[in-house]
Each structure stands twice: as structure tokens, then as C-alpha cells.
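# Structural overview
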Amino acid sequence: MAYSKILLVEDEAKVCELVKAYLAKDGYDVIIAADGKAAIEQAHRHKPDLILLDLNLPELDGLEVCRAIRKQSNVPIIMLTARDEEVDKVVGLEMGADDYVTKPFSPRELAARVNAVLRRYREGLKQGEQIVAGELRLIPERHEATYLGKPLSLTAAEFKLLSVLARNPGRVYTRLQLMDSAFGESYEGYERTVDAHIKNIRQKISRTATESPNPLVTVRGVGYKVEK
Ligand code: CA
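Now for a look at the structure at hand. (Residues numbered from 1 in each chain as written. Predicted model: local features only at pLDDT ≥ 70, side-chain atom pairs only at ≥ 80, totals over all residues. Heavy atoms only, no water.)

Okay, the overall build of the protein chain next. Summing up its helical and strand segments, the protein chain has eight helices and 11 strands in all. Radius of gyration (C-alpha) of the protein chain: 18 Å, near the 17 Å computed for a compact globule of 228 residues. Within the protein chain, buried positions represent 47% of all 228 residues. Looking at the protein chain alone, contacts between residues at least 24 apart form 58% of all its contacts between residues at least 6 apart. (Helix = DSSP H or I, 4+ residues; strand = E, 2+ residues; numbered from the N terminus. Rg over C-alpha atoms; globule rule 2.2 N^0.38 Å. Buried < 20%, exposed > 50% of the residue type's maximum accessible area, 1.4 Å probe, protein only. Contact = heavy atoms within 4.5 Å.)

Below, the structure is given as C-alpha cells:
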């Protein structure tokens, strides 16, 4: 199998060296971008399998880079954040990042997270899988979602959440269960991002079908479900 390509966006040379050496040992091909502008260019040119994105960058900051990359790609993104960037973490997740690792991290911890995110991403891309719940239809491989035959333009995180709900129509999920199923355990504590995502998905569905009732519903005091 070809090596997975990872784009590391980080302005601290020391961190770059350490991460690159460790991931190379694990069989990854690591490309480095030292600022936000270079990150967007490199992501476009090299089409990496995963992006490690430092939040605190010169030129464009990590959140802006995340937003720009998400406009054209569904590539998994792991944010690298400092402890005092709690708010940015939430914003980053809302913007479509897949996971985050808090600095200082050990290279081993980071490699484990990279493996986990890539595995989840690839499992979500099982060939030809279609998720159908009533008039909702999702094709993970192509990142295509439609309601009543009309396209829904979902971010990566929104797509994952809606996939979980639509796989089991009628079943109620708590915020924590949704976090776990869609993004993995590391999301614990960020349940409020689920509410923000759900709100966005509901709006997008409503916009495509103003006449019909929204299939994505809140179950008061419990969580959310997609109607059968
Ligand atoms: Ca930095």
C-alpha cells in the first residue's frame, strides 16, 4: 500500500522535526507548511490524506485555514491547540475539523490519533454505501447528501452527525452518543458543538424543502433523532 500523505501545518521548526521523524517511522509521508497561506497551497497541490493543523500560525490563523480547506475538500483535519485555546477548539470543530490534540503532546499520542482518524474516515467511505432514511439519502464515499432529491451542502462534521442519525431512523441519540459515534471519544465535553451542528443541518434541510416537516427532530431533554 502507498504511504499515507500527511500535511503538517506548523510554524515551530522543533515540533515539525519531532512529528515528522516520528510519523515517518510509522510509514507516513510528511509534507510541511510553515504558515497558513502555504498550507492552503500545499493542501491543493499535494492532496494529502490527512492534515495536522496548528491553530496559532503566521499569515492566516488555523481557523481560517480550516475554513478555506473545507470549502474544497473533505480531507480529515486534526487541529493542534494550546491549552488556552478552548474556545477555538469548539469553533474549529464547528468549522469541520475532525479532532484535536492539545499541546504539549507526545509524538506517540499524536500518531495514535492520526491512525484513529484515518481509520474512521476510511470506514466511513465503504464502497458504494448509501444511507437512506425516508426522503434523506447520504452517500459517504462521494460526500453527497440529498433531501427530497435536492442536494444538501453539509460540512464534514455535519455529514458525519447526520449519517449516524440516518443509519438508525427513529432511534434517539443523546449528544454524547452522537459525539462518540460520529467523532470518537476525544470529543467528550464538547456536547454544545452538537447543538450547533444540528441547528445548521436543520436549517439546510428546511431551506431545500420549505413545505415538508423537518425529519431531524429534537427529543426534549434527551437528544436528537431522524424520523423514520
Ligand atoms: Ca504555532
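Moving on from the coordinates now.
Here five bridges tie strand β1 (residues 5-9) to strand β2 (residues 29-33), and the two strands are oriented parallel to one another. Within β2, the residue paired with Leu 7 across the bridge is Ile 31. Where the polypeptide runs from β1 across helix α1 (residues 13-25) and back to β2, its parallel neighbour, the crossover connection is right-handed. (Pairing = 2+ DSSP bridges. Right-handed = clockwise from strand over helix to strand, strands pointing away.)

The peptide bond linking Lys 103 to Pro 104 adopts the cis configuration, its omega dihedral lying at -5°. Along the chain, the position of Pro 104 falls in the loop between β5 (99-102) and α5 (107-123). Even without being a glycine, Glu 59 presents a positive backbone phi close to 70°. Here Glu 59 shows up in the loop between β3 (50-54) and α3 (62-72). If you check the backbone angles, His 143 has positive phi at about 50° while not being a glycine. Here His 143 is to be found in the loop between β7 (136-139) and β8 (144-147). Residue His 143 is classed as partly exposed on the basis of its relative accessible area of 25%.

Turning our eyes to something else, we now look at the packing of α1 against α5. Two packed helices can be described by the angle between their axes and the distance between those axes. The N-to-C vectors of α1 and α5 enclose an angle of 55°; their axes lie 10 Å apart at closest approach. Between α1 and α5, the angle falls in the class oblique. The element α1 and its partner α5 pack so that their crossing is right-handed. Two secondary-structure elements touch here, α1 through Leu 18, Val 19, Tyr 22 and Leu 23 and α5 through Pro 107, Arg 108, Leu 110 and Ala 111. (Axes fitted to C-alpha atoms, helices over the stretch in contact; angles between N-to-C directions. Parallel < 35°, antiparallel > 145°, perpendicular 65-115°, else oblique. Left-handed = near helix turned anticlockwise from the far one by under 90°.)

Turning next to the sheet that holds strand β6 (residues 131-133). Note on sheets: strands pair through backbone hydrogen bonds, and any given pair is parallel or antiparallel. The four strands lie next to each other as β6-β7-β8-β9, forming an open sheet whose pairing is antiparallel. Two strands lie at the open edges of the sheet, namely β6 and β9 (150-152), each paired on one side alone. Each neighbouring strand pair of the sheet contributes to a mean axis angle of 20°, computed without reference to strand direction. Of the strand pairs in this sheet, β7 and β8 are connected by four bridges, and their pairing is antiparallel.

This next bit is on the packing of aromatic side chains. Tallied over the entire structure, the rule returns zero aromatic pairs. A cation sits over an aromatic face here: Lys 25 above Tyr 22, 4.5 Å from the ring centre. A cation sits over an aromatic face here: Arg 171 above Tyr 173, 4.1 Å from the ring centre. (Phe/Tyr/Trp six-rings, centres within 6.5 Å; stacked < 30°, edge-to-face > 60°. Lys NZ or Arg CZ within 6 Å of the ring centre and 35° of its normal.)

We now examine the coordination of the calcium ion. Within the protein, the atoms that donate to the calcium ion are Asp 11 (OD), Asp 54 (OD) and Asn 56 (O), at distances of 2.1 to 2.4 Å. Donor residues binding the calcium ion come from one chain and are separated in sequence as D-x42-D-x1-N. A relative accessible area of 3% means that Asp 54 is categorised as buried. Exposure remark for Asn 56: the relative accessible area of 52% places this residue in the exposed category. (Donors = N, O, S within 2.8 Å, 3.2 Å for Na, K, Ca; no water.)

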